[in-house]
Amino acid sequence: MKISDRFWSASPEELKKGYIEEEAQYICLICGKKIEKGMIYPGEGILYEAGRYIRVHIEEAHGSVFEYLVQLDKRITGLTDHQKSLLQLFYQGKSDGEVQKEMGIGSASTIRNHRFVLKEKERQAKVFLALMELLKDKNKRSPGYLPPHKTAGMIDDRYNITQEEREKVLKTYFPEGTDGLLKTLDMKEKNKLIVLREITKRFEDEKFYNEKEVNEILKTAHEDFVTLRRYLIEYGFIDRKPDGSRYWLKEGLPEMEEENMDRKKELKQQYKEMKTQGGVFQIRNLKNQKVFVDSIPNLKMKTGKLMLLRSGGYKNRQLQEDWNQFGEDAFVFEVLEVLEEKSDGFFDKADELKKLKTKWIEKLQPFGERGYNQPDKRK
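What you see is a predicted model, and the numbers here were worked out from it, not measured in a lab. (Residues numbered from 1 in each chain as written. Predicted model: local features only at pLDDT ≥ 70, side-chain atom pairs only at ≥ 80, totals over all residues. Heavy atoms only, no water.)

Q: I'm lost on the packing of aromatic side chains in this one. Help?
A: Aromatic rings in a pair are described by how distant their centres are and how their planes are angled relative to each other. Scanning all chains against the criterion turns up eleven aromatic pairs. Arranged with centres 5.8 Å apart and planes meeting at 90 degrees, the rings of Phe 292 and Tyr 314 form a pair that is edge-to-face. With Phe 292 in strand 9 (residues 291–296) and Tyr 314 in the loop between helix 14 (302–311) and helix 15 (317–326), this pair connects stretches of sequence that are 22 residues apart. Here Phe 292 matches Tyr 314 in class, with each residue buried. The residue whose ring lies beneath Lys 37 is Tyr 26, and the NZ or CZ to ring-centre distance is 5.2 Å. (Phe/Tyr/Trp six-rings, centres within 6.5 Å; stacked < 30°, edge-to-face > 60°. Helix = DSSP H or I, 4+ residues; strand = E, 2+ residues; numbered from the N terminus. Buried < 20%, exposed > 50% of the residue type's maximum accessible area, 1.4 Å probe, protein only. Lys NZ or Arg CZ within 6 Å of the ring centre and 35° of its normal.)

Q: Would you mind going over the side chain of Asp 322 with me for this structure?
A: Along the chain, Asp 322 turns up in helix 15. No salt bridge is formed by the buried Asp 322, whose closest oppositely charged neighbour, Lys 290, lies at an N-O distance of 4.6 Å. Within the local environment of Asp 322, its side chain forms a polar contact with the side chain of Tyr 372, the two groups lying 2.7 Å apart. Those residues in contact with Asp 322, other than ones at most four positions away along the chain, are Asn 285, Asn 288, Gly 327, Phe 331 and Tyr 372. (Lys, Arg positive; Asp, Glu negative; His and termini not counted. Salt bridge = Lys/Arg side-chain N within 4 Å of Asp/Glu carboxyl O. Polar contact = N/O pair within 3.5 Å; in protein donor to acceptor, adjacent residues only side chain to side chain. Contact = heavy atoms within 4.5 Å.)

Q: Would you take a moment to explain the state of the cysteines for this structure?
A: Disulfides are covalent bonds that link the sulfur atoms of two cysteine residues. What the rule picks out here adds up to zero disulfides. This cysteine, Cys 28, is not joined by any disulfide, and Cys 31 carries the nearest cysteine sulfur, 3.7 Å off. Overall, Cys 28 belongs to the buried group, its relative accessible area being 2%. (Disulfide = S-S within 2.5 Å.)

Next up, the structure:
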């Protein structure tokens, strides 16, 4: 599984959210998808502003950030397979007794001990992070490492490059100076990264080039400009349109405004024309016919409810437990009634939804063996 440099440079809070925010866009830390600010994005018949859509994208494409992180290789998480299984069950809200029963290990006290060990691991990680930050601030004599270029596809040992190494490599492969010709293209991967990064300085930021212009620039570095051009694309330094008509430095180039403006107008018009419908729904268990009744301001947002169940984080614990036991195929999402909204005069949508939900709960009585709802104790 490839991990991007943005993932490693993200703060703990950003890792928790699953995305980072830059000046003009949001970027998914899991797949690298970019969501431009100021745009309206469609999703299953609903239009979202960028800040909401990046969260919708993570839910729909990746399920949950927790599941992505916990499934990473143990060399990355530092967790054993046993600890990962425990964390997943804890995340689902399982009690110590339920975890013990599901994993078939020890007793409830054994599970409490595992919780303590994980908590201890968390405290150790916090201290270690603080130590590393203090070390970076204090030890000015430690070798300065070059940060990976922001558009790198994968970060690995090739990116462990110090300033001293960089200077040595550039002198070796550019004997006439960094503006001159390369000595050879036959070099180690690590050295190639240093050389390619230097060559990108011959291009202007925020500028488009045609293929002929790119070739002319690369000829000033090496006669095999075709191979050099391919390397720059493969290593994520430059990008191009599929037909090769335009090339540009990947970092810093603005989107093509003429294309964006038309798209923005189109999506904004769709947003204005789209009317959301609230209503009451039920999630029905096909195995035992138990139902959970609830209301929602936009019935097309049912995906969010299902995602919560898939990630193990639904607020109704009994429903979540049955979902985990029987699986998603054993449940159906059904609309019971669509809220009729008044077009004139005052209309309190939230209050009307509440009344509609109460009507259906009184009608279906989804309590105990009949459903997952809890009776209103205030009555």
